[in-house]
Amino acid sequence: MHSLSSRSYGILAKEKIGRSWITVAVTAPFSNDYGTAHQLAESCSARQLSPPHLVDVVSDFIS
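Here the structure is a predicted model, which is why all the values come from computation and not from measurement.

### A word on the environment of Thr36
Summarising the element assignment, Thr36 is placed in helix α1 (residues 34-46). When neighbours within four sequence positions are excluded, Thr36 is seen to be in contact with Ser31 and Phe61.

### What about the environment of Glu42?
Relative to the elements of secondary structure, Glu42 occurs in helix α1. Note on Glu42: relative accessible area 44%, which makes it partly exposed.

### What to know about a nonpolar patch on the surface
Taken together, the side chains of Ile17, Ile22 and Val24 present a nonpolar region at the surface, about 230 Å² in accessible area. Within the element layout of this structure, Ile22 appears in strand β2 (residues 20-26). When its relative accessible area of 39% is taken as the criterion, Ile22 is described as partly exposed.

### Brief notes about α1
Here α1 contains 13 residues, and its C-alpha end-to-end distance of 18 Å stays within 8% of the 18 Å for a straight helix at 1.5 Å per residue. Along α1, the positions that sit buried rather than exposed are Ala37, Leu40 and Cys44. The buried residues of α1 all sit within an arc of 65° when viewed along its axis, so they share a single face. Every exposed residue of α1 that faces more than 90 degrees away from the buried side is listed here: Gln39, Ser45 and Ala46. On its buried face, α1 sits against α2 (54-62). In the stretch just after α1, Gln48 is the one whose phi turns positive, near 50°.

Rules used in this analysis
- Residues numbered from 1 in each chain as written.
- Predicted model: local features only at pLDDT ≥ 70, side-chain atom pairs only at ≥ 80, totals over all residues.
- Heavy atoms only, no water.
- Helix = DSSP H or I, 4+ residues; strand = E, 2+ residues; numbered from the N terminus.
- Contact = heavy atoms within 4.5 Å.
- Buried < 20%, exposed > 50% of the residue type's maximum accessible area, 1.4 Å probe, protein only.
- Patch = residues over 30% accessible without salt bridge, like charges linked within 9 Å, V, L, I, M, F, W, Y side chains within 5 Å.
- Areas by Shrake-Rupley, 256 points an atom, 1.4 Å probe, with all protein chains shown as cover.
- Salt bridge = Lys/Arg side-chain N within 4 Å of Asp/Glu carboxyl O.
- Expected span 1.5 Å × (residues − 1).
- Arc of directions from axis to C-beta.

Read these as spatial facts, not as claims about activity.
Structure, rendered in structure tokens:
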């Protein structure tokens, strides 16, 4: 079991609909390191990951 510190990070995915940004996916915190979570989020954005696949990507990342 992985123990997270009081500061842990997940990913929040948003999609622009019209002029508003709508939250479409959220992961539970999976890393104590902001840089690690940020790098994975940037990678998902660059690859235009579909929000339904976000949980699978994070699961594979932490495995």
